[in-house]
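# Reading the structure
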Amino acid sequence: MNNIVIFGAPGSGKGTQSDKLIAKYGFEHISTGDVLRSEIKNGTELGKTAKEYIDKGQLIPDELMVDILASVYDSFGKEHKGVIFDGFPRTIPQAEALKAMLAERGHRIAAMIELDVPEEELMKRLILRGKESGRSDDNEETIKKRLGVYHNQTAPLIDWYKKEGVHNHIHGLGELDTIFGDITTVIDQL
Ligand code: AMP
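Thresholds, definitions, all that
- Residues numbered from 1 in each chain as written.
- Predicted model: local features only at pLDDT ≥ 70, side-chain atom pairs only at ≥ 80, totals over all residues.
- Heavy atoms only, no water.
- UniProt positions renumbered as here; feature names shortened; annotations may be inferred.
- Helix = DSSP H or I, 4+ residues; strand = E, 2+ residues; numbered from the N terminus.
- Contact = heavy atoms within 4.5 Å.
- Polar contact = N/O pair within 3.5 Å; in protein donor to acceptor, adjacent residues only side chain to side chain.

The chain appears in an unreviewed UniProt entry as Adenylate kinase from Hoylesella nanceiensis. Its UniProt record, at the heading Catalytic activity (unreviewed entry), says of the chain: "AMP + ATP = 2 ADP". Per its UniProt entry, the chain bears the Subcellular location (unreviewed entry) comment "Cytoplasm".

Under the present numbering, the feature "binding site: AMP" (unreviewed entry) in UniProt falls on Thr32, Arg37, Gln58, Leu59, Ile60, Gly87, Phe88, Pro89, Arg90, Gln94, Arg135 and Arg146. On the basis of their most widely separated C-alpha atoms, the annotated residues across 115 residues do not gather in one place, lying as much as 24.6 Å apart. Assignment of secondary structure puts Arg90 in the loop between β3 (83-86) and α5 (92-104). Residue contacts for Arg90: discarding those within four places in its chain leaves Thr32, Leu59, Gln153, Thr154 and Leu157. From its side chain, Arg90 meets the backbone oxygen of Gly87 in a polar contact 2.9 Å long. Looking at where Gln94 falls in the secondary structure, it is placed in helix α5.

Right, dumping it as structure tokens:
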């Protein structure tokens, strides 16, 4: 079982590369952003709370995220090939909670894959995505806030995962298939 954290700033290509990994390896997938957007669409209490944070470019409180995560993880059963964690963890407490949740089940993170993309390119991609998908948080003002949140709250996880001994750096700029090839090289060595 290879549980993998796909990591990077908003717009770094986590979702796109996750889809390719699922197709190639048959992994399960948890995108906390997708879970929250579906809660918003369904008008649930969680969705209402989440929308307030998302529209401001802020993170949803850790306690809420950790509860969601455990229930989605358990929905995959015990015999899955691995889960791609996409957009989670985003804070050190979330990484600690993820580690504890997996340890309770006798599981672990096999690799953290950091997609490293320069900030200028991230802005370009997110503005384009906002035009194409209409995602409410892909507008210039909110994008700037989200990139700030990434640097302050999420980027410290790079060192955290280095200490765990599972960090892998990938250049996330260039051809999609080249980047995917670099990721599969990491996974094939696990
Ligand atoms: P994403 O689709 O991963 O870019 O997530 C969109 C938004 O959902 C983020 O800007 C946050 O407001 C919220 N979100 C997604 N995942 C998390 C998380 N792990 N912790 C806190 N907030 C999250």
